[in-house]
Amino acid sequence: KKRIEMICKNWQDQKIIRQVIIFLRTHAISPTYAQKIYKMYGNSSIQKVKENPYILAKEITGIGFKIADNIAEKLGFEKTSKLRIESGIEYVLFELTNAGHTCYPVDDFLKAAQKILEVEDILIKEELDSLILKSQVIKDTLEKDGEKKDFIWLKSFYYFEQNIAKELNRIKTSNSNLRVINTVKAVLWAEKKLNVELAINQKIAIKESIEQKLHIITGGPGTGKSTITTAILKILDEVTTKIYLCAPTGRAAKRLSEITKKKAYTIHSLLECDFSSKGFKRDENSPLKCDLVIVDEASMIDTLLLYHFLKAIPSNAKVIFIGDIDQLPSVGAGNTLKDMIASDKISFTKLTEIYRQAKDSKIILNAHLINQAKLPDLHTDKTSDFRFIYLEDLDDIEKKILYLVEKELPKKNFDPLDDIQVIAPMKRGKVGIENLNLVLQNTLNPSSKPLYRSGRRFHEKDKVMQIKNNYQKNVFNGDIGRILKIDNIDQRVDIAFDETVVSYDFSELDEINLAYCVSVHKYQGSECPCIIMPIHTTHFKLLQKNLLYTAITRGKKLVILIGTTKALSIAVQNKEVLRRYTGLENAIRNIGSKAQEIFLPGF
């Protein structure tokens, strides 16, 4: 009976979808995308696509400019049409934000846009000037590497950066609610209470964090960031109960809770997601009620999240950012922690010394060697927490990974799914994320009833990852869960993320990826007892110092690198970290002269 009702309901729902599918099939669009288009635009889908096919590149996940451009061509749009060039400009800028930039040099942008649009430069320039005139794109001058250049921003990102600067200035220049305390005595008292002996630099970090309205603490693993956080809390708990702890990801928040023995929130949950507006309930009109907010793993906060976070901070509260600027920057656009420090307008403490208990860890010692552009120490014994396995052949590397995960490490009490995470620098190739996910899925969780959706294969009990923020479901980019149930009748998949079970319609499964193997970027802010990473010269494009550094600092008890010393050497020496163009450092530095000018409507 349930199945009959489902079929009847689907038949009604599919009437208009069928028309949309037939229309779109003539323009080489798959039924999966047709359903998404219908979900977005409903009965006006065909009309919307006919009016402006380029809107699909902006609003439908998975449809890029090239697909939209093919539809436009079939609908008779000229290559030189203003609508095409305007959409192409916005698309290129949007793609650049996906690559981490909040702005881009005009000259380099024109070259990038010309590659995509294949029209004369002059036409792109004219349309860009028109968008600048309409304030859809913002042009401003920045000083980079000692010379002044013209940069362009999508309006929203210009607004975010200028307002982050304004909010930081507001917090920094307002008085604190907390009474003034003798920090020298307070630090001595905390040492006794916690039974620790703090180093001079740690004492400075605690003192500055207590005395300043805004302070940043940055340092690598083993430099005592956790001890400092605990000491600050010990002292300020005596002064106020209104303290919030938060981090950008669920895993990072969980770890912060374990260290401090206090409740820690994700930034999203602290700001209270508002599903209807895809924004947050906490903002300048409804700020957080607190005297202090401590933010851990702050290098992971992108421009958009930092903007929303700062808006919700009351003027009389203190904010302490704790992070590691040598890790990879955020998945989203920006390089916020680095820019705040580089502005020289916000006080910060840089921790460099590795403390006693960390000196026994080869993971930590090697992380610091890599950070100094030196080769890690590969001469380790069986008891070491860091191993390097030399293998050149890609098939051998794949086999070794499978053997370690399935056979060798479980004997040492590492659970293949809960305690081991394979991470890889690249998507494609024999030891890339996509292939390793499939072979690990077959090995660890085979199934005779797979579900094929969006070019992916899912099994019940699979380890999976959410790959974009979904405010409605309250799951976020990088969250890892397990598939509990695949319901083919209701076309639904239930996934457990920690204690929460979230239901996905089959059409929403493009938000989910297998997570037996994940990218270094996606695993930032997370930790696992054991990390395994292939490192091979076929990954040469992505062999970078900060990527390797971030990867090995994810491991708590054991890190195993498998590959060649040549690849390792390339990564360590590649200091040319993929550059991100941002305007935040400039915005913070110039806040005095620019704060009054900034108001862009429509946000």
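A brief structural summary.

Rules of the game
- Residues numbered from 1 in each chain as written.
- Predicted model: local features only at pLDDT ≥ 70, side-chain atom pairs only at ≥ 80, totals over all residues.
- Heavy atoms only, no water.
- Helix = DSSP H or I, 4+ residues; strand = E, 2+ residues; numbered from the N terminus.
- Buried < 20%, exposed > 50% of the residue type's maximum accessible area, 1.4 Å probe, protein only.
- Contact = heavy atoms within 4.5 Å.
- Areas by Shrake-Rupley, 256 points an atom, 1.4 Å probe, with all protein chains shown as cover.
- Lys, Arg positive; Asp, Glu negative; His and termini not counted.
- Charge placed at Lys NZ, Arg CZ, Asp CG, Glu CD.
- Salt bridge = Lys/Arg side-chain N within 4 Å of Asp/Glu carboxyl O.
- Pairing = 2+ DSSP bridges.
- 1 Å grid on protein atoms, 1.4 Å probe; cavity = no way out; pocket = protein on both sides within 12 Å on 5 of 7 lines; lining within 4 Å.
- Points joined across faces, edges and corners; volume = space filled by probe spheres on them.
- Nonpolar A, V, L, I, M, F, W, Y, C, P; charged D, E, K, R; others polar.
- Domains from an automatic or database assignment.

1. As for the overall build of the protein chain
For the protein chain, the count of helices and strands is 23 helices and 23 strands. With the C-alpha coordinates of the protein chain rotated into their principal frame, the extents come out at 75 × 65 × 55 Å. For the protein chain, with 603 residues in total, the buried portion stands at 53%. Here the analysis covers contacts within the protein chain between residues at least 6 apart in sequence; of these, 69% occur between residues at least 24 apart. Accessible surface, the protein chain as shown: approximately 28,600 Å² in total, 49% of it carbon and sulfur. When the 91 positive and 76 negative side-chain charges of the protein chain are each reduced to one mean point, those points stand 3 Å apart.

2. Notes on the pattern of salt bridges
The tally for this structure, following the rule as stated, stands at 24 salt bridges. Close ionic contact of Asp-150 with Lys-139 constitutes a salt bridge, the shortest N to O distance being 4.0 Å. Placement of the pair is Asp-150 in strand β3 (residues 147–154) and Lys-139 in strand β2 (residues 137–144), with a sequence separation of 11 residues. Between Asp-395 and Lys-430 there is a salt bridge; the shortest N-O distance is 3.2 Å. Here the residue Asp-395 occupies a position in helix α18 (residues 394–408), and Lys-430 occupies one in the loop between β13 (420–424) and α19 (433–444), the gap between them amounting to 35 residues.

3. Some thoughts on the pairing of β13
In terms of burial, β13 is a largely internal element, 5 of the 5 residues being buried. The two faces of β13 match: Ile-420, Val-422 and Ala-424 on one face and Gln-421 and Ile-423 on the other face are all buried. Judged from the 3 bridges that link them, β13 and strand β22 (residues 528–535) form a sheet pairing that is parallel. Among the inter-strand pairings, Ile-420 is bridged to a residue of β22, identified as Cys-530. Sheet topology note: the β13/strand β21 (residues 517–519) ladder contains 3 bridges and is parallel. For Val-422, the partnering residue across the bridge sits in β21 and is Cys-517.

4. Some thoughts on the layout of surface pockets
Its boundaries defined by the atoms lining it, the second largest pocket holds a volume of some 790 Å³. Contributing to the lining of the second largest pocket are 32 residues, with Pro-221, Gly-222, Lys-225, Ser-226 and Glu-527 lying nearest its centre. Contributions of two or more residues to the lining of the second largest pocket are made by α12 (225–236), α13 (250–260), β10 (318–323), α17 (362–371) and β23 (555–563). Here the residues of the lining of the second largest pocket sort into 8 nonpolar, 14 polar and 10 charged. Counting contributing residues per domain, the lining of the second largest pocket is built from domain 2 (160–354) and domain 3 (374–573), each supplying no fewer than three.

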